[in-house]
Amino acid sequence: MLSRVANSLFWMSRYLERAENISRIVDVNLQSLLDYKTLDDKRLKEQWDPLVNTLGDDELFAKLYKKADSRSVTEFLTFNDKNPNSILSSIVSARHNARSVRDQISLEMWEEINRLYLFIRSKETKKLWQENPYDFYREVKQTSYKLQGLTSATTVHDEGLEFIMMGRFLERADMTSRILDVKYKTLQGEVAGEEALEANQTIIQCAAVLRSSSAYEAYQHLYASEVVPKRVAELLLLADTFPRSLRFCVRTFDHFLRKMTGSSPGYFTNEAEKLSGRLAAELSYTTIDEVFEIGLHAYLDNIQLKLSEIGGALFESYIFYQQTDLEQEIQIQKQVQQQQQQQ
């Protein structure tokens, strides 16, 4: 497979996953405002500022808007084409990458990606978002789920699919860590004294974290108890069976990465496999108590750096090939031929 094709499939998948996750986060944040009795500027700032900061777009946001409130943040994360991580920008980039590898994806996938692109570009869509944001964000999420099913059902299961799956789960792992980081103070229990949240507000915020990852029902299934901050963090970080937990995402990414070389777990043939295998093992043998001893925010920062390193190593291994010394390459080929003749 050409490195250009692999790159486009990888980023097509990442951008689609990003659009879905941003849709869910913004939608949940809007709905959680309904649970507060009073909403002043301070409350709105506390609700929206962490979202922009955690996604890493705070400097750009400050240049474009005067304050963080429901209107400015949702517009910034949804329709602002100056924000490369907005839903609009993500869908446009996903379609651009899909079009460049049109012969590598199925007709059904292309039609659905194109339909999503036409939906986000439509003037009627902007009106729908203004009047009923819930329906707008639901459409983006439902299309993403449909595309995931179409990918598995209509795409040849070869290297192309492996790059698609790696893009999806690397992006999902990164977004899960960022979703947790938005409310790390609540989950870690760092809010105290006069600033302490009431018990019901703590539950509301923890439930919002779960819904931002489509994890509320999974939490009830696994714990069958009231929402407890520490268990919320444990589910989204270390759960082995929940498909949006950090541990599950990294393990799945590592699985598809190794399929390309046939490398077994515990061994590696390149830097990407070494880093992903190391992180997968770390998450498998870490407990939530150890995470909280380090500090949830510090731990998540470290995880995001490691995910970035894995992404960089993946590109170095499979996308950006280093120039090789011609004479050295000839000698290697001669040695291989000699070994074959001896056999």
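## Thoughts on the overall build of the chain
Phase 1: Assigned secondary structure in the chain consists of 18 helices and zero strands.
Phase 2: Across the 343 residues of the chain, 52% fall into the buried class.
Phase 3: When contacts within the chain are restricted to residue pairs at least 6 apart in sequence, long-range pairs at least 24 apart make up 65% of them.
Phase 4: Here the chain has roughly 17600 Å² of accessible surface; of this, 49% comes from carbon and sulfur atoms.

## Quick look at the confidence of the model for the chain
Segments scoring low in pLDDT should not have their predicted coordinates read at a detailed level.
Phase 1: Residue-level pLDDT values for the chain average 86, and 85% of them are 70 or greater.
Phase 2: Taken as a whole, residues 191-197 scores under 50 in pLDDT and shows six contacts with residues more than four places along the chain or in a different chain.

## Here's the deal with helix α17 (residues 296-318)
Phase 1: Taking 1.5 Å per residue as the helical rise, α17 with its 23 residues ought to reach 33 Å, and the 33 Å between its terminal C-alpha atoms agrees with that figure.
Phase 2: Listed as buried for α17 are L296, Y299, L300, I303, Q304, L307, I310, G311, A313, L314, F315 and Y318.

## Examining the environment of S90
Phase 1: Within the secondary structure, S90 sits in helix α5 (residues 87-100).
Phase 2: Residue S90 is classed as buried on the basis of its relative accessible area of 0%.
Phase 3: Sequence separation between S90 and Y117 is 27 residues, and the spatial gap between their C-alpha atoms is 9.8 Å.
Phase 4: Setting aside chain neighbours within four positions, we find S90 in contact with Y15, R18, A19, P84 and N85.

## Quick look at the nonpolar core
Phase 1: If you look at the biggest cluster of nonpolar residues, it comprises 97 residues, and the most contacted ones within it are M12, F163, M166, V232 and L237.
Phase 2: Broken down by element, this core gets its largest block of residues, 12 residues, from helix α9 (residues 159-182).
Phase 3: Counting residues domain by domain, this core receives three or more from each of domain 1 (1-155) and domain 2 (197-320).
Phase 4: In this structure, V232 is in contact with L187, C206, V209, L210, Y219 and V227, ignoring residues within four places of it in sequence.

## Looking at unusual backbone geometry
Phase 1: Although it is not a glycine, S214 adopts a positive phi angle of roughly 50°.
Phase 2: Among the structural elements, S214 can be located in the loop between α11 (199-212) and α12 (216-223).

## What to know about the pattern of salt bridges
Phase 1: Summed over all chains, the structure comprises 18 salt bridges.
Phase 2: The salt bridge involving R244 is made with E20; its shortest N-O contact spans 2.5 Å. A residue pair is termed long-range when its members are at least 10 positions apart, and R244 in the loop between α13 (229-238) and α14 (246-259) and E20 in helix α1 (residues 3-32) qualify at 224 residues.
Phase 3: Assessed through its relative accessible area of 0%, E20 is described here as buried.
Phase 4: Salt-bridge contacts for R138 lead to D135; the nearest nitrogen and oxygen are separated by 3.1 Å. Taken together, the residues span about one helical turn, with R138 and D135 both in helix α8 (residues 133-154) at a distance of three residues.
Phase 5: We classify D135 as partly exposed; its relative accessible area is 26%.

## Thoughts on the environment of V209
Phase 1: Within the secondary structure layout, V209 lies in helix α11.
Phase 2: By relative accessible area, V209 is classed as buried at 3%.
Phase 3: Taking the C-alpha atoms as reference, V209 lies 6.7 Å from I179; in sequence the two are 30 residues apart.
Phase 4: In this structure V209 touches I179, L180, K183, V232 and L236, once residues within four positions along its chain are discounted.

## Side note on the environment of L257
Phase 1: Looking at where L257 falls in the secondary structure, it is placed in helix α14.
Phase 2: Residue L257 is classed as buried on the basis of its relative accessible area, which comes to 0%.
Phase 3: The spatial distance from the C-alpha of L257 to the C-alpha of E162 is 7.1 Å, given a sequence separation of 95 residues.
Phase 4: With sequence-adjacent residues up to four places away left out, L257 is seen in contact with M166, A272, E273, S276, L314 and Y318.

## Describing α8
Phase 1: With 22 residues, α8 should cover 32 Å at 1.5 Å per step; its first-to-last C-alpha distance of 31 Å lies within 8% of that length.
Phase 2: Of all the positions in α8, only F136, Y137, V140, K141, T143, S144, L147, Q148, L150 and T151 are classed as buried.
Phase 3: Contacts from the buried residues of α8 go to α1, α4 (70-78), α5, α6 (107-121), α7 (123-131) and α9.

## Observations regarding the side chain of D181
Phase 1: Assignment of secondary structure puts D181 in helix α9.
Phase 2: R178 provides the closest opposite charge to the buried, unpaired D181, separated from it by 6.7 Å.
Phase 3: In this structure, D181 is in contact with T54, H297, L300, D301 and Q304, ignoring residues within four places of it in sequence.

## Describing the side chain of S144
Phase 1: Positionally, S144 belongs in helix α8.
Phase 2: If we skip the residues at most four places from it in the chain, S144 touches L16 and E20.

## Structural notes on the packing of aromatic side chains
Phase 1: Enumeration according to the criterion identifies 14 aromatic pairs in this entry.
Phase 2: Ring geometry for F10 versus F315: centroids 5.4 Å apart, planes at 80°, classification edge-to-face. Taken together, the residues F10 in helix α1 and F315 in helix α17 connect sequence positions 305 residues apart.
Phase 3: According to the relative accessible area criterion, F315 is buried, its value standing at 12%.
Phase 4: Arranged with centres 4.8 Å apart and planes meeting at 35°, the rings of Y219 and Y223 form a pair that is tilted. Of this pair, Y219 and Y223 both sit in helix α12, four residues apart, which is roughly one turn of the helix.
Phase 5: For Y219, a relative accessible area of 0% corresponds to the buried category.
Phase 6: The ring of F169 carries R172 above its face, with NZ or CZ at 5.0 Å from the centroid.

What counts and how
- Residues numbered from 1 in each chain as written.
- Predicted model: local features only at pLDDT ≥ 70, side-chain atom pairs only at ≥ 80, totals over all residues.
- Heavy atoms only, no water.
- Helix = DSSP H or I, 4+ residues; strand = E, 2+ residues; numbered from the N terminus.
- Buried < 20%, exposed > 50% of the residue type's maximum accessible area, 1.4 Å probe, protein only.
- Contact = heavy atoms within 4.5 Å.
- Areas by Shrake-Rupley, 256 points an atom, 1.4 Å probe, with all protein chains shown as cover.
- pLDDT = per-residue confidence, 0-100.
- Expected span 1.5 Å × (residues − 1).
- Core = buried A, V, L, I, M, F, W, Y, C linked by side-chain atoms within 4.5 Å.
- Domains from an automatic or database assignment.
- Salt bridge = Lys/Arg side-chain N within 4 Å of Asp/Glu carboxyl O.
- Lys, Arg positive; Asp, Glu negative; His and termini not counted.
- Phe/Tyr/Trp six-rings, centres within 6.5 Å; stacked < 30°, edge-to-face > 60°.
- Lys NZ or Arg CZ within 6 Å of the ring centre and 35° of its normal.

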